Amino acid sequence: MEKATQYELQLARRMSRLGTETAFEVLNRARALERQGKSVIHLEIGEPDFDTPSNVVEAGIDALRKGWTHYGPSAGLPDLRQALAEYVSRTRGVKVTSDEVVVVPGGKPIIFFTILSLIDEGDEVIYPNPGFPIYESMINYVGGKAVPIPLREERDFAMDVDEMASLITDRTKLIILNSPQNPTGGVLQRGDIEQVAKAIGDRNILVLSDEIYSRLQFAGQPFSIMSVPGMQDRTVLLDGFSKTYAMTGWRIGYGVMRADLAAHITRLMTNSNSCTASFTQMAGIEALRGDQSAVDRMCAAFQQRSEAFVTGLNGIRGFSCRMPKGAFYVFPNITGTGRKSKALADALLEEAGVAALSGTAFGQFGEGYLRFSVANSIEKLHQALERIDRWTKQNL
Ligand SMILES: Cc1ncc(COP(=O)(O)O)c(C=O)c1O
């Protein structure tokens, strides 16, 4: 309950333009149902259910014991920036130096800071829809014009590059790419990405390439627009540790960009967070340089669970689902149920005990879909399928 006050809350106008990430709201509602004694299977939140690999946990504990508990440089610890420069140089086939790397608390701040530092009122930003809701939220927040590029099921949720090209205008300042993609599990193939670069040509447009799921692509090698000749200094690469190493709660991610922009993003870090937690960064160095077998194991598990869940959903009345190509989300078409996405997500949570997200939580083009996170055990996923099946048989 809010306390009564005679003082009206005079919020800044821009706050009315700020969106949110529905996953956290649905999680709260699900938890409230659980407190009432109801059983809920959690397929709403986008985080690996695995523990952080033990070598990374040990490195974090060791760092705490050794006193890595103080402020560090705003752009990140030099050793981690160097390790990241080497990692990105190797994986994207470009030459990256540590002054082009900014370490931040999670992948999200790179979205926030990139948009805050580049977008003026009226500047246009092309972004995937359905897509990670923070893109649209931040574009609107700073007064930019959000220009959605619809992702369509018939293209396996890869963007239509010709359509994207037709959205570019003189006011376009930024194009956001995300592959593997949240919420659809779609992947942009190398040819698509090269076409995007071609469509941009020599225009002074930057690309925010959100590659936070790059290590969770099921087939083929991920390809970054940063690797396309001529695109490196027009790319802001976003990557991080949350999904790859099951480190969501440690809060660590990074951006790679031209050094002059990195200096401005660093100023935003100084003004907001000061720095990313020092012991977290020490654990990050171990994550990058240590044994990688946990990453491969998690990726294989997400693929196996996605396959099982998609197969199950395709046997349920009103659902039809494509196999995702990466990440840990399944995005079925639910138009056959005759229900709107939000209404169906609400009913499944309240009546069937399965927490999922409405496709519209990811933008207007998400209508007709639900997003399930398969970051849960195979037993729970089968149980969820049974509950959804039972619910559809009783209600549709
Ligand atoms: C596409 C995408 N980008 C960025 C993020 C942010 O990740 P982090 O938790 O590291 O801030 C997420 C998290 O769900 C995501 O799905």
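Residues numbered from 1 in each chain as written. Predicted model: local features only at pLDDT ≥ 70, side-chain atom pairs only at ≥ 80, totals over all residues. Heavy atoms only, no water.

Asks: Please clarify how the environment of Ser 39 should be interpreted in this entry.
Replies: Residue placement: Ser 39 occurs in the loop between α1 (22–35) and β1 (41–42). For Ser 39, the residues in contact, after removing those within four places along its chain, are Gly 353 and Arg 387. A distance of 2.6 Å separates the side chain of Ser 39 from the side chain of Arg 387, its partner in a polar contact. (Helix = DSSP H or I, 4+ residues; strand = E, 2+ residues; numbered from the N terminus. Contact = heavy atoms within 4.5 Å. Polar contact = N/O pair within 3.5 Å; in protein donor to acceptor, adjacent residues only side chain to side chain.)

Asks: I would appreciate a short explanation of the nonpolar core in the present structure.
Replies: Taken as a class, soluble globular proteins show a tendency for nonpolar side chains to be buried jointly. Counting residues in hydrophobic clusters, the biggest one holds 66 residues, and the most contacted among them are Phe 309, Leu 313 and Phe 372. Broken down by element, the residue count for this core peaks at seven residues, all from helix α10 (residues 293–314). In terms of nonpolar packing, the next biggest core, distinct from the first, is built from 26 residues, Val 147, Val 161, Ile 168 and Ile 200 among them. (Core = buried A, V, L, I, M, F, W, Y, C linked by side-chain atoms within 4.5 Å. Buried < 20%, exposed > 50% of the residue type's maximum accessible area, 1.4 Å probe, protein only.)

Asks: Help me out: how do you make sense of the pairing of strand β7 (residues 235–240) in this one?
Replies: Remember that side chains alternate between the two faces of the sheet whenever the strand is regular. With six of six residues buried, β7 is to be regarded as a mostly interior element. Sheet topology places strand β6 (residues 206–210) next to β7; four bridges connect them, and they run parallel. Of the residues in β7, the one forming a bridge with Ser 209 is Leu 237. Pairing analysis gives four bridges linking β7 to strand β8 (residues 253–256), with the strands arranged antiparallel. Across the sheet, the residue bridging to Gly 240 is Gly 253, located in β8. (Pairing = 2+ DSSP bridges.)

Asks: I would appreciate a short explanation of helix α7 (residues 190–200) in the present structure.
Replies: Each α-helix turn comprises 3.6 residues. Residues three or four places apart therefore point the same way. Of all the residues in α7, the buried ones are Asp 192, Ile 193, Val 196, Ala 197, Ala 199 and Ile 200. All buried residues of α7 lie within an arc of 160° about the axis, which places them on one face of the element. Buried residues along α7 sit in contact with α6 (161–167), β5 (172–178) and β6. Looking one or two residues beyond α7, the residue adopting positive phi is Gly 201, at roughly 60°. (Arc of directions from axis to C-beta.)

Asks: Just to check I follow, could you spell out the sheet that holds β7 for this structure?
Replies: Paired through their backbone hydrogen bonds, the strands of a sheet run either parallel or antiparallel. Strand order across the open sheet formed by seven strands is β2-β8-β7-β6-β5-β3-β4, with mixed pairing between neighbours. On the outer flanks of this sheet lie β2 (101–104) and β4 (145–150), each paired with one strand and no other. Each neighbouring strand pair of the sheet contributes to a mean axis angle of 20°, computed without reference to strand direction. In this fold helix α8 (residues 259–272) packs onto β2, β6 and β7, with an angle of close to 20° to the strand it touches most, β2. (Axes fitted to C-alpha atoms, helices over the stretch in contact; angles between N-to-C directions.)

Asks: How should I be thinking about the site of the ligand in this particular structure?
Replies: The full set close to the ligand counts 13 residues, and Gly 107, Asp 210, Tyr 213, Ser 242 and Lys 243 are the nearest of them. Residue Lys 108 places a main-chain N or O atom 3.0 Å away from an oxygen atom belonging to the ligand. Ser 242 places a polar side-chain atom, nitrogen or oxygen, 2.6 Å from an oxygen atom of the ligand. Protein burial of the ligand: of its 390 Å² of free accessible surface, 94% is covered by the chains. Of the residues contributing to the shell around the ligand, the split by class is four nonpolar, five polar and four charged. (Near = heavy atom within 4 Å. Areas by Shrake-Rupley, 256 points an atom, 1.4 Å probe, with all protein chains shown as cover. Nonpolar A, V, L, I, M, F, W, Y, C, P; charged D, E, K, R; others polar.)

Asks: Mind showing me how you'd approach the packing of aromatic side chains here?
Replies: One pair of aromatic rings is described through two measures. These are the centre distance and the angle between the planes. Taken as a whole and judged by the stated rule, the model has 13 aromatic pairs. Centroid distance Phe 302 to Phe 328: 4.8 Å. Interplanar angle 50°. Geometry classified as tilted. Of this pair, Phe 302 sits in helix α10 while Phe 328 sits in the loop between α10 and β9 (329–330), and the two are 26 residues apart along the sequence. Among the residues examined, Phe 328 registers a relative accessible area of 0% and is labelled buried. Aromatic rings pair up to connect Phe 50, Tyr 213, Phe 302, Phe 328 and Tyr 329 into one cluster. (Phe/Tyr/Trp six-rings, centres within 6.5 Å; stacked < 30°, edge-to-face > 60°.)

Asks: Would you take a moment to explain the packing of helix α4 (residues 108–118) against α8 for this structure?
Replies: How two helices pack is summed up by the angle between their axes together with the distance between the axes. It is at 10 Å that the axes of α4 and α8 come closest, and there the two elements cross at 110°. The orientation of α4 relative to α8 falls into the category roughly perpendicular. When you trace α4 past α8, the crossing you get is right-handed. Listed contacts from α8 to Ile 110, Phe 113, Thr 114, Leu 116, Ser 117 and Leu 118 of α4 are Leu 261, Ile 265, Leu 268, Met 269 and Ser 272. Here the residues of the contact of α4 with α8 are counted per class, giving eight nonpolar, three polar and no charged. (Parallel < 35°, antiparallel > 145°, perpendicular 65-115°, else oblique. Left-handed = near helix turned anticlockwise from the far one by under 90°.)

Asks: Whenever I open this one, α10 confuses me. Can you help?
Replies: Counted at 1.5 Å a residue, the expected span for α10 with its 22 residues is 32 Å, and the 32 Å between its end C-alpha atoms agrees. Looking at α10, one finds that the buried residues are Ala 294, Val 295, Met 298, Cys 299, Ala 301, Phe 302, Arg 305, Ser 306, Phe 309, Val 310 and Leu 313. Angularly, the buried residues of α10 cover 160° about the axis, an arc narrow enough to put them on a single face. Projecting away from the buried face of α10 at angles above 90 degrees are the exposed residues Asp 296, Arg 297, Gln 304 and Thr 311. Next to the buried residues of α10 lie β9, β12 (370–373) and α12 (378–395). (Expected span 1.5 Å × (residues − 1).)

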